[in-house]
Amino acid sequence: GYGEYGLLPELKGENEKTIAKIFDRALEGRRSEEEESGENDRAGGVIMTMTGGVKVEELKKSEKGRILFEKIGHASVNEAYALARKEISTIRLLPNVIMSVGSEEERKYVYKNVEIKGKEEEEEEEEEDKVWIEGINEIKNYGEDEKSKEKYSDNKVGTVIGYGREIGEGKYIGMYMKGSKDEMKQGVGNNGEVVNVGMGLCGGYETSSLPKNSNIDIKWLGYVGMNKYNTERESVGGVRGKAEFSGSEIGLDVEGGLKIGSKEEGIIRPYIGIGIRKIRYDEIEEKGTLAYMKIKSGSFDRCVWRIGVEGNKEISKKVEIEGKVEYERVMKGEVGRVEEEVEGSIAGIEEGKDKVGLSGGVRYKVRKDIGLMAGLSGYKADKYNEVGVNVGAWFKF
């Protein structure tokens with residue numbers, strides 16, 4: 001319908017072509033070789049463009065086709081543009097929910113609990129087991145782009161529980177478990193919900209060979225998780241498309257830094273790190289829409305590197321403050337993508353490749369073996385912003 005009727009010349013991207021083909025397959029009957037038989041020529045052209053070339057009288061044979069004709073059949077070309085764009089835009093909810101959940105970085109709340117004592121601290125303190133628990137809330141907002149006039153947001157609430165201990169001079173090993181729930185919104189009437197559970201290992205190593213008050217350290221973590229997705233979106237004709245599916249994630253992160261100073265005088269730590277992740281999703285069958293979709297199970301990869309400087313300082317025997325400034329570069333995976341079973345690729349909203357982040361926090365030692373912690377963080381890209389809040393406690397024994 002695109003080349004022959006030319007009514008939507010600006011819709012040339014992969015999403016637009018996929019939508020046209022999905023409508024074409026979803027509606028019963030195909031356009032015959034016969035000429036149009038007295039139907040509204042403009043309406044017929046608009047419908048045939050949106051559906052990839054379905055003849056009007058054949059279109060009316062199916063219930064979904066009749067609904068579509070009633071909705072679009074007497075629309076102006078500009079109204080047809082709007083309807084086509086709405087369907088193209090709302091269908092992006094599916095790759096968006098997969099991408100935004102998969103973009104989480106556990107290192108933001110794990111690494112600060114990987115405590116490797118310096119040489120002087122080891123001489124003063126015995127090795128201790130540590131348990132920590134933390135509540136997290138992250139809000140991500142994605143702006144409009146050239147393919148979509150709908151903003152997208154993801155509100156995550158969750159809990160992380162971890163355990164770790166030093167296993168020798170300058171060596172740390174631990175594990176953590178995480179549970180969270182994401183609630184997504186895209187435009188008006190398009191929503192998603194994702195429940196995530198996962199666990200991972202974490203660790204670190206710090207040298208003691210450099211001059212006093214300076215050491216090289218390395219921190220790492222691995223993560224595996226399971227996701228349960230629910231999505232609901234508005235489609236052409238006033239109907240709503242719903243989907244339920246599952247997925248999984250596996251990730252690895254490594255970070256190296258140079259610690260300079262002491263807690264009493266203040267520590268500055270420039271660092272560089274990289275995180276990789278594979279996000280997998282099961283087959284998706286979206287029901288209820290005019291354009292019934294079946295999306296093949298698949299996966300996409302994500303790779304992010306970063307460079308930054310963080311610092312912390314004890315301002316009293318009980319209070320320690322910390323802060324960080326960071327630059328992130330998304331090398332791969334800034335756009336979610338799923339493959340419709342027959343007709344091809346559907347791309348999500350763009351996250352943005354370059355991000356700048358700031359964070360700060362405070363730790364309060366109730367007594368030697370119990371403490372509280374809280375923090376605030378923010379990240380910004382061209383059409384993306386993220387705000388995070390965390391509160392928690394730790395126990396040593």
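Higher on the page you've got the structure.
Residues numbered from 1 in each chain as written. Predicted model: local features only at pLDDT ≥ 70, side-chain atom pairs only at ≥ 80, totals over all residues. Heavy atoms only, no water.

Q: I'm lost on the overall build of the protein chain in this one. Help?
A: Counting its regular elements, the protein chain contains nine helices and 16 strands. Looking at the protein chain as a whole, 49% of its 397 residues are labelled buried. Carbon and sulfur atoms make up 57% of the accessible area of the protein chain, which totals about 18,100 Å². (Helix = DSSP H or I, 4+ residues; strand = E, 2+ residues; numbered from the N terminus. Buried < 20%, exposed > 50% of the residue type's maximum accessible area, 1.4 Å probe, protein only. Areas by Shrake-Rupley, 256 points an atom, 1.4 Å probe, with all protein chains shown as cover.)

Q: Which parts of the structure should I look at to understand helix H7 (residues 93-102)?
A: Think of an α-helix as turning once every 3.6 residues; residues three or four places apart then point the same way. Across the 10 residues that make up H7, a large majority, 10, are buried. Looking at H7, one finds that the buried residues are Leu-93, Leu-94, Pro-95, Asn-96, Val-97, Ile-98, Met-99, Ser-100, Val-101 and Gly-102.

Q: Teacher, can you tell me more about the nonpolar core here?
A: Generally speaking, a soluble globular protein has its nonpolar side chains buried in company with each other. Residues Ile-98, Phe-245 and Ile-284 are the most contacted members of the largest nonpolar core, which totals 25 residues. Contributing elements (two or more residues each) for this core: H7, strand S6 (240-262), strand S7 (266-281), strand S9 (293-295) and strand S13 (344-350). Looking at this core, the element that brings in the most residues is H7, giving six residues. Ignoring sequence-local partners within four residues, the contact set of Ile-284 consists of Leu-94, Ile-98, Ala-243, Phe-245, Met-293, Lys-294 and Ile-295. Among the nonpolar cores identified, the runner-up in size contains 15 residues, and Val-114, Ile-136, Val-160 and Cys-202 belong to it. (Core = buried A, V, L, I, M, F, W, Y, C linked by side-chain atoms within 4.5 Å. Contact = heavy atoms within 4.5 Å.)

Q: Please explain the side chain of Lys-130 as it appears in this structure.
A: By the element assignment, Lys-130 lies in strand S1 (residues 129-142). On the basis of relative accessibility, which here comes to 3%, the residue Lys-130 falls in the buried class. Apart from the residues within four sequence positions on either side, Lys-130 is in contact with Asn-113, Glu-115, Gly-162, Tyr-163, Gly-164, Arg-363, Trp-394, Phe-395 and Lys-396.

Q: Explain the side chain of Lys-259 to me, please; I cannot follow it from the model alone.
A: Tracing the sequence through the fold places Lys-259 in strand S6. Judged by relative accessible area, Lys-259 falls into the buried class, the value being 18%. Setting aside residues no more than four positions away along its own chain, Lys-259 makes contact with Ile-116, Glu-206, Asn-213, Ser-214, Asn-215, Asp-217, Ile-267, Ile-268 and Arg-269.

Q: Please explain the pairing of S7 as it appears in this structure.
A: Bridge analysis of S6 against S7 gives 14 bridges, and the strand direction is antiparallel. When the sheet's bridge partners are listed, Gly-257 is paired in S7 with Tyr-271. Hairpin connection between S6 and S7: a loop of three residues separates the two successive antiparallel strands. Sheet topology note: the S7/strand S10 (residues 298-314) ladder contains 15 bridges and is antiparallel. Directly across from Ile-267, in S10, lies its bridge partner Asn-312. (Pairing = 2+ DSSP bridges.)

Q: Explain the sheet that holds S7 to me, please; I cannot follow it from the model alone.
A: What holds strands together in a sheet is hydrogen bonding between their backbones, with the strands either parallel or antiparallel. With respect to topology, 12 strands assemble into a closed barrel ordered S1-S2-S3-S4-S5-S6-S7-S10-S11-S14-S15-S16, the strand pairing being antiparallel. With strand direction ignored, the average angle separating the axes of adjacent strands in the sheet is 15°. Inspection of the sheet shows S10 paired to strand S11 (residues 319-332) by 12 bridges, in the antiparallel sense. Across the sheet, Glu-310 pairs through a bridge with Lys-324, a residue of S11. Here H7 sits on the sheet in contact with S1, strand S2 (152-168), strand S3 (171-186), strand S4 (190-206), strand S5 (214-234), S6, S7 and S10, set at roughly 155° to S5. (Axes fitted to C-alpha atoms, helices over the stretch in contact; angles between N-to-C directions.)

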